[in-house]
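Inside the fold
Each chain, written out:
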Amino acid sequence: MIDLFSGLDAWVLVSLLLALTFVLAFEFINGFHDTANAVATVIYTKAMPPHLAVFFSGVFNFLGVLLGGVGVAYAIVHLLPVELLINVNTGHGLAMVFSLLAAAIAWNLGTWYFGIPASSSHTLIGSILGVGLANALINDIPLGDGVNWQKAIDIGMSLVLSPMAGFAVAALVLIGLKWWRPLSKMHKTPEQRRKLDDKKHPPFWNRLVLVISAMAVSFVHGSNDGQKGIGLIMLVLIGIVPAQFVLDLNSTTYQIERTRDATLHLNQFYQRNQATLGEFLALGKAQNGDLPEQFSCNPQQTEPTINALLDSLKGVTEYRSLTPEKRVEVRRYLLCLDDTAKKVGKLPGLQGREKADLDKLRKDLTATTEYAPFWVILAVALALGLGTMVGWKRVVLTIGEKIGKQGMTYAQGMSAQITAACAIGMANIFSLPVSTTHVLSSGVAGTMVANKSGLQGGTVKTILLAWILTLPATVGLSAALFWLATKFIV
């Protein structure tokens, strides 16, 4: 790992270390900001002592990051338009990273201080959108091209729909439990359990389910939110030290061959569908060497881009043999072809089977660009896991007592946690970032309504206000910081 950073100018090395510290600080804050959501129910219901709950939550967050993959990480990265990702340079990389991280950390700390269950996912996504839009304004790019709006819409839908689903499903699970065992002790609050049964802890089976579901929430939280940190670090590394990280330098000869084969098959795919795609891709009109000197990702230049990529990869058995400039060039071609293929997949006229083939080609095409070194994954896992073990008290009380007009029952805790674990787990499968905070707190709210406990208007309004304000506030803050940074850094 150390040799990757050798030969860097002192100011670049200091900036890189500072940027990595910022990312890990964000993940640490994310840990204690969001962990309260994962352990709130087990602590409030006294299913586990607080010190054990946060310790095991930290362990499962750690494991979630290690085993979670990088699908969500690159969903976050690709919020930025392909043009911004392919035209990397150290100055813009520094400005982009510091601006979005400063905005995200400031908002996270502020909402944590006031005990508001705000969403780290909304915070990070808003910050990235702000940087993309500010970059568009500064460089006279149309705002429609400043952000990958299709990816933003997909992520926005997952962020909006997941809390609604959490509310409804948790309510239905609780109704099912009440129908199945209406007289069970699981429908008591911890206070009622203490007064009526003189017991401190939930009944055994309820306690077991509460503990297991809480650890499941911690695991899927680590997988989903940890990947956001991984995506941030890859943005840092690619933006500041592109030569070492634009491609996975540990790619095997077989993986490089897969990339080359995917490029060839992509070309064959386009030729096979020339009747449908010919006009969009200008097939047969562009010639070798038609790529402009200042590379720009244009579907009309797809054929020359394919030819240039194949020429760059000819005879290559390892990426380390390429010059730093050539590595950046290969990554540009790969990202551009992937972006164009994604647009092609949305065109009318392609059969379902052809779209499925195109998706497989895209995965092979990006296999050596969408990666993360193990030390990055380990660093994020440690930061999130350690952050999990502090700072949980402020939000636990909000989740346990201040959403409903009466305390949470064991059945409500189980319903909310099982729903949250399943919802976030499904999001991980489809590589979509979601908010643990909003899924769980909306699940608790759903159980309060289903239990006819009523909701505390003040708390619900505060959570909703944070939910509504997070995106515009972080967009504005990161955009302003990026504008200022370009004046001093770039």
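Structural data are supplied above this passage.
Residues numbered from 1 in each chain as written. Predicted model: local features only at pLDDT ≥ 70, side-chain atom pairs only at ≥ 80, totals over all residues. Heavy atoms only, no water.

**Comments concerning empty space enclosed by the protein**
Inspection of the entire model under this criterion finds two cavities of 30 Å³ or more. Estimated volume of the largest cavity: approximately 70 Å³. His78, Leu80, Val82, Leu85, Asn148, Leu335, Asp338, Asp339 and Lys342 are the residues that line the largest cavity. Taken together, the elements giving at least two residues each to the lining of the largest cavity come down to helix H4 (82–86) and helix H15 (324–345). Classifying every residue of the lining of the largest cavity gives four nonpolar, two polar and three charged. The residues that make up the lining of the largest cavity include at least three from each of domain 1 (2–244 + 372–489) and domain 2 (253–367). Looking at the second largest cavity, its volume works out to about 30 Å³. Lining the second largest cavity, in full, are Tyr74, Val77, His78, Arg331, Leu335, Thr369 and Glu370. For the lining of the second largest cavity, the secondary structure elements donating two or more residues are helix H3 (71–77) and H15. When the residues that make up the lining of the second largest cavity are grouped by side-chain class, the tally is three nonpolar, two polar and two charged. (1 Å grid on protein atoms, 1.4 Å probe; cavity = no way out; pocket = protein on both sides within 12 Å on 5 of 7 lines; lining within 4 Å. Points joined across faces, edges and corners; volume = space filled by probe spheres on them. Helix = DSSP H or I, 4+ residues; strand = E, 2+ residues; numbered from the N terminus. Nonpolar A, V, L, I, M, F, W, Y, C, P; charged D, E, K, R; others polar. Domains from an automatic or database assignment.)

**Some points on helix H8 (residues 149–180)**
The end-to-end C-alpha distance of H8, which contains 32 residues, comes to 45 Å, matching closely the 46 Å that a straight helix rising 1.5 Å per residue would cover. If you check which residues of H8 are buried, you get Ala152, Ile155, Ser158, Leu159, Ser162, Pro163, Gly166, Ala170, Ala171, Leu174 and Leu177. (Expected span 1.5 Å × (residues − 1). Buried < 20%, exposed > 50% of the residue type's maximum accessible area, 1.4 Å probe, protein only.)

**Comments concerning helix H17 (residues 374–388)**
Taking 1.5 Å as the rise per residue, H17 with 15 residues should run 21 Å; its terminal C-alpha atoms sit 21 Å apart, in good agreement. Counting buried positions along H17 gives eleven out of 15 residues, so the element sits mostly inside the fold. Turning to H17, its buried residues are Trp375, Val376, Ile377, Ala379, Val380, Ala381, Ala383, Leu384, Gly385, Gly387 and Thr388.

**Some words on the packing of aromatic side chains**
Any aromatic ring pair is given by two values, namely how distant the centres are and how the planes are angled relative to each other. Using the criterion set out here, one finds four aromatic pairs in the structure. Their ring planes at 70 degrees and their centres at 5.9 Å tell us that phenylalanine 269 and tyrosine 270 sit as a pair that is edge-to-face. By relative accessible area, tyrosine 270 is classed as buried at 1%. Its guanidinium or amino end placed over the ring of tryptophan 180, arginine 181 lies 5.4 Å from that ring's centre, counting from NZ or CZ. (Phe/Tyr/Trp six-rings, centres within 6.5 Å; stacked < 30°, edge-to-face > 60°. Lys NZ or Arg CZ within 6 Å of the ring centre and 35° of its normal.)

**Observations concerning the nonpolar core**
With 98 residues, the main nonpolar core has Ile230, Leu237 and Tyr270 as its most contacted residues. Top element by residues in this core is helix H5 (residues 90–113). It accounts for ten residues. Each of domain 1 (2–244 + 372–489) and domain 2 (253–367) accounts for three or more of the residues forming this core. Non-local contacts of tyrosine 270, meaning those with residues more than four positions away in its chain, are made with Leu277, Leu281, Leu283, Thr302, Ile306, Leu337, Thr340, Ala341 and Val344. Ala47, Ala53, Met186 and Met414 belong to the second largest nonpolar core, which has 18 residues in total. (Core = buried A, V, L, I, M, F, W, Y, C linked by side-chain atoms within 4.5 Å. Contact = heavy atoms within 4.5 Å.)

**Comments concerning the environment of alanine 420**
On the secondary structure map, alanine 420 appears in helix H19 (residues 410–429). It is 9.7 Å that separates the C-alpha atoms of alanine 420 and phenylalanine 167, two residues lying 253 residues apart in sequence. Alanine 420 has contacts with Val217, Val439 and Leu440, leaving out every residue within four places of it along the chain.

**Considering the side chain of arginine 193**
Note on placement: arginine 193 falls in helix H9 (residues 190–197). Not counting the four nearest positions on each side in its chain, arginine 193 is found in contact with Lys185, Lys188, Asp198, Lys199, His201, Pro202, Pro203 and Tyr410.

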